[in-house]
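# Report on the structure
Chain by chain, the residues:
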Amino acid sequence: MPRPFLAFILLTLPALTLAQAPEPPPDHRHLVEMPTLQRELLREEMQEHLIAYQRILELLARGELAQAGEMAENTMGISTMGKHAAATRGLGGPGRFMPDAMRQMGFAMHESATEFAKVAEQGDLQEALKALHELTATCVACHMSFRTR
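For the structure on display, the rule yields 0 disulfides. Sulfur of Cys-139: no disulfide; nearest cysteine sulfur belongs to Cys-142 and is 8.3 Å away. Judged by its relative accessible area of 27%, Cys-139 is partly exposed.

In structure tokens, the structure reads:
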């Protein structure tokens, strides 16, 4: 291939690629405004939940259902609600700034995690997977409905 043609291709390829790149789909999720501290606490908590979910799946794959239930309760269950009080010095955690529908989804997630923990303790993998599905559905519903940025 002649050098001038190769140079032409190398110089025009980025422009062609940009011109053909599709527009990202519009983001129809509801923007939830909250103070920086509460937003960052919520982000950190969501990342912790994602890590916990991965660990729960690993425990289930190993047949360690009771441990999977403990992980769910200790990281996402009802017992974890209100943990941001000290960090916010009484100004309220992220939930205080959520619209009612988002707050209700958050409560449902915590309740689903606790329910999963109870079901997992019974030792029936099929029932535990059904309960985990309910937990995951609450996460997906909220993340598909709301955003903080």
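In terms of nonpolar packing, the biggest core is built from 18 residues, with Ile-56, Leu-60, Met-76, Phe-116 and Ala-128 touching the most fellow members. Put simply, the parts of the chain that give this core at least two residues each are helix H2 (36–61), helix H3 (65–76), helix H5 (100–121) and helix H6 (125–145). Once residues lying within four places of it in the same chain are set aside, the contact partners of Ala-128 are Leu-60, Leu-65, Phe-116, Val-119 and Ala-120. Membership of the second largest hydrophobic core comes to 7 residues, among which are Val-32, Leu-42, Cys-142 and Phe-146.

Let's shift gears to the pattern of salt bridges. By the definition in use, this model includes 10 salt bridges. Linking Glu-40 and Arg-149 is a salt bridge whose minimum nitrogen-to-oxygen distance equals 2.6 Å. Residue Glu-40 is located in helix H2, and its partner Arg-149 is located in the segment after strand S2 (146–147); the two are separated by 109 residues in the primary sequence. Between Asp-100 and Arg-103 there is a salt bridge whose closest N-O contact spans 2.7 Å. Of this pair, Asp-100 and Arg-103 both sit in helix H5, separated by 3 residues, roughly a single helical turn. Of the residues examined, Arg-103 reaches a relative accessible area of 23% and is grouped as partly exposed. Within this structure, Arg-39, Glu-40, Arg-43 and Arg-149 form a network of salt bridges that share partners.

So, how was this worked out
- Residues numbered from 1 in each chain as written.
- Predicted model: local features only at pLDDT ≥ 70, side-chain atom pairs only at ≥ 80, totals over all residues.
- Heavy atoms only, no water.
- Disulfide = S-S within 2.5 Å.
- Buried < 20%, exposed > 50% of the residue type's maximum accessible area, 1.4 Å probe, protein only.
- Core = buried A, V, L, I, M, F, W, Y, C linked by side-chain atoms within 4.5 Å.
- Helix = DSSP H or I, 4+ residues; strand = E, 2+ residues; numbered from the N terminus.
- Contact = heavy atoms within 4.5 Å.
- Salt bridge = Lys/Arg side-chain N within 4 Å of Asp/Glu carboxyl O.

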